[in-house]
Protein chains: 2
Amino acid sequence: MRAEVITVGSELLLGETVDTHSAYLSRECFSLGVEVVFHTSVGDDQARLMEVIEQAHRRSQLVFLCGGLGPTLDDLTKETLSDFLGIPLVRDPAVVTALEEWFQGRSRNIPSNNYKQAHVFEDGVVFHNAHGTAPGLAVSKDGVTYVLLPGPPRELIPMFEQQVRPYILDTFASGQALVSEALSFFGIGESLLEETCKDLIEANDNPIIATYAKEAGVTLRLTARAATESAARELIAPIKTEVLKRTGDYCYSEREEPLEEVVMRSLIQQGKTVAVAESCTGGMLSHLLTSMKGSSQAFMGGIVSYSAFSKEQVVGVPEEILEQHGTVSSHTAEALAERVREQFATDFVLSVTGVAGPDEVEGKPVGLVFIGLKEASGPVRVYRLQLRGSRRRIQLQAAKQACFILQQCLKKGETTR
Amino acid sequence: MRAEVITVGSELLLGETVDTHSAYLSRECFSLGVEVVFHTSVGDDQARLMEVIEQAHRRSQLVFLCGGLGPTLDDLTKETLSDFLGIPLVRDPAVVTALEEWFQGRSRNIPSNNYKQAHVFEDGVVFHNAHGTAPGLAVSKDGVTYVLLPGPPRELIPMFEQQVRPYILDTFASGQALVSEALSFFGIGESLLEETCKDLIEANDNPIIATYAKEAGVTLRLTARAATESAARELIAPIKTEVLKRTGDYCYSEREEPLEEVVMRSLIQQGKTVAVAESCTGGMLSHLLTSMKGSSQAFMGGIVSYSAFSKEQVVGVPEEILEQHGTVSSHTAEALAERVREQFATDFVLSVTGVAGPDEVEGKPVGLVFIGLKEASGPVRVYRLQLRGSRRRIQLQAAKQACFILQQCLKKGETTR
């Protein structure tokens, strides 16, 4: 079944509000086996809204209309659809009561224009709004079902979860299971990943294979349809195995999740701790490692040794190393890791020093980064990178690369002690 | 002139990605005097993309197409538009060179499918992509201009700002000057800011006054139209003065810019240095303060003392303070600032300790945060906050609040020494 989402409101067309409802409803529809094929945003303009509704009526069986259900004059969604379908709006006593209770509960008089919100489609469905005054509505004609939802997310989301999802399941139970499995990659570009799997992508349409570039890393998604969920997973399994056979070294998770969360989970599962010494990443590595709840179990802390002074005085990097090799060098990365290991006494220490840009440092080029990995025992392993892009991108790539290096180490179980 | 934005990509229809480009481009168009009347998202499906392009061709004079310019098989935007307009794609030697340099610069071989990105419209315009491999394109037919932009925000936004905005101004210069001036606020909510300026907002339509809630802080924008730029600025000036008279304490910049950049600029201008001691913000404060180029002039570094062990052993917070008052306390915030000041010898030290959540710590509620500000001489001033929201939001609000406290201090010139 084909569905589409129409969001209504001039604030969307002025760019004052980012439309998150279309993505939310699309995810929900996907999980219900309903395919969303278009998103459209239109302003509070009756003629343009009518144009969009006519077009949706021609091409979809389920149409979500979000917003424009309020009490004010520029709220036109319900009225426009009523005109288009030729289905009158009638006053619903139950909604009137709910409205009056809502305002009484807030010891406020009900503004007369609010009674407009008690108008519902004749023989239509009404969804009670537990968090606002505009009820949701559903109405069908010519094999097309319209679901009207209030604009504010705090009203739309609970209404969808508690009332609309069950309604859609009852109305459109498709008897088909749609299953989607993701693989998360780092260290391989989207085009190289697709190149590597080109024959699989072209040869298969169930599962469909698609790649998505993320700010750092790439996601590959396999989506299959079948009569049952297990049948769909059986279609995915062999292809997934083949993809991993070709690209497994770069795959850090068989789910869609950030690299740093996988690292923290591995550390916690293995009962290991980590501390960091950051220069060019300026705190971003620590920030990534503490973005997940419970990170305090494995992340002990770190030092942002942004200045040469702090590398020497706070961390204790020997002056001669800084003078002979410079702050951006494998020797400094090594010394940072060694000294911070002494201070934090963790199982692992990651150190990062480099040139985030836009200007070079000590004659070293922008994007040159050294990452050190120190384990409880054994020497520091230092990795040299030449990154590209903006300052923020170099910082992010360096921090993510440090996470990837630690994750590879944890994966291989190379941990000493 | 009427414009619309079409975003292309199955990840949008699956709800995996929220479309932020439509809002971004709509804001930009508004500031250029171009009215955006529709947003449409469509998947990587040639027939549906063709349908959307045909419809846009009928009703708009400027059409943005975002995404689907990549090297992969499901990238169809350019090819579909070429079919629709009957304008062939030709290989552009300059783009070929740029592509080869891009991959050489990364010491990688160019995957053969990437050459697809060197195909541009015959007699069309090419926008160089400084942050990726897909160039932007512009082509016109039947009085409709199409602007094709790459999907990743880090590629689209700089391309728009540096090349597409000037192109649109040249191509569609409306003969009217449209001037927009922004004020950046922190510590006041959007609704309170709007309430405070309600009469001004209602009484004025030139300049238009609008508020925009940001992830942290609020922006107020005054936009005026006039025959000349100076005439437009004269319309804005008195209203802006009145807004500042009412809300000046919360205004940290008369431009739209992040708080942390204003702080770093003030420090650099006053020749002062800062270091930080972070607990619950886990590196985010350091990360904010190093996000701007040149921050090494003023930011000396910091310690992320995430564990009690590191507070005591690495920073040197006295054991009895941690035992008597807990790690989340004004005493600990004070001690963190004092000790880090001793280690980094900076003009200022900011310290942050609190409960980011989701679970409470030492019986202290989620969102309780203490921020310490230490100057070269004088005692530590400690501020107590009770923040609300998700873990990430609490971390961000705490880090931004620390920046605001330092900025207020720098603004008042309260600096000692």
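Quick notes on the rules
- Residues numbered from 1 in each chain as written.
- Chains lettered and ligands numbered in written order.
- Predicted model: local features only at pLDDT ≥ 70, side-chain atom pairs only at ≥ 80, totals over all residues.
- Heavy atoms only, no water.
- Domains from an automatic or database assignment.
- 1 Å grid on protein atoms, 1.4 Å probe; cavity = no way out; pocket = protein on both sides within 12 Å on 5 of 7 lines; lining within 4 Å.
- Points joined across faces, edges and corners; volume = space filled by probe spheres on them.
- Helix = DSSP H or I, 4+ residues; strand = E, 2+ residues; numbered from the N terminus.
- Nonpolar A, V, L, I, M, F, W, Y, C, P; charged D, E, K, R; others polar.
- UniProt positions renumbered as here; feature names shortened; annotations may be inferred.
- Contact = heavy atoms within 4.5 Å.
- Buried area = accessible area lost by both parts, 1.4 Å probe.
- Salt bridge = Lys/Arg side-chain N within 4 Å of Asp/Glu carboxyl O.
- Polar contact = N/O pair within 3.5 Å; in protein donor to acceptor, adjacent residues only side chain to side chain.
- Pairing = 2+ DSSP bridges.

A. Structural view of the domain arrangement of chain A. The assigned domain composition of chain A is domain 1 (2-172), domain 2 (178-253) and domain 3 (259-411). Computed from C-alpha atoms alone, the centre-to-centre distance between domain 1 of chain A and domain 3 of chain A is 50 Å.

B. Molecular detail of the layout of surface pockets. Estimates place the volume of the second largest pocket at around 810 Å³. Of all elements in the fold, only helix H2 (21-31), strand S2 (35-42), strand S10 (208-213) and strand S11 (218-226) of chain A together with helix H1 (10-13) of chain B reach the threshold of two or more residues within the lining of the second largest pocket. Split by residue class, the lining of the second largest pocket holds 14 nonpolar, 7 polar and 9 charged.

C. The arrangement of the UniProt feature "domain: MoaB/Mog" (unreviewed entry) in chain A in detail. Under the feature "domain: MoaB/Mog" (unreviewed entry), the UniProt entry names residues 4-170 of chain A. Helix makes up 41% of residues 4-170 of chain A and strand 23%. Its end C-alpha atoms lie 19 Å apart.

D. Empty space enclosed by the protein, seen in detail. Scanning all chains against the criterion turns up 3 cavities of 30 Å³ or more. Every residue lining the largest cavity is counted, 18 residues in all, and those nearest its centre are Asp 19 and Ser 41 of chain A together with Asp 19, Ser 22 and Ser 41 of chain B. Of all the secondary structure elements, the ones that give two or more residues to the lining of the largest cavity are H2 and S2 of chain A together with helix H2 (21-31) and strand S2 (35-42) of chain B. When the residues that make up the lining of the largest cavity are grouped by side-chain class, the tally is 6 nonpolar, 10 polar and 2 charged.

E. Highlighting the interface of chain A and chain B. Contacts between chain A and chain B engage 72 residues on the former and 75 residues on the latter. For chain A, the biggest contributors to the area lost against chain B are Arg 48, His 287 and Tyr 306 of chain A; these three give 10% of the whole. Counting across the chain A and chain B interface gives 5 salt bridges. One can count 34 residue pairs in polar contact (both at pLDDT 80 or more) joining chain A with chain B. In terms of residues, the side of chain A that touches chain B owes the most to one element, S2 of chain A, which gives 8 residues. Taken together, the residues of the side of chain A that touches chain B break down into 24 nonpolar, 28 polar and 20 charged. Judged from the 5 bridges that link them, S2 of chain A and S2 of chain B form a sheet pairing that is antiparallel. By the bridge assignment for S2 of chain B, Ser 41 of chain A is matched with His 39 of chain B.

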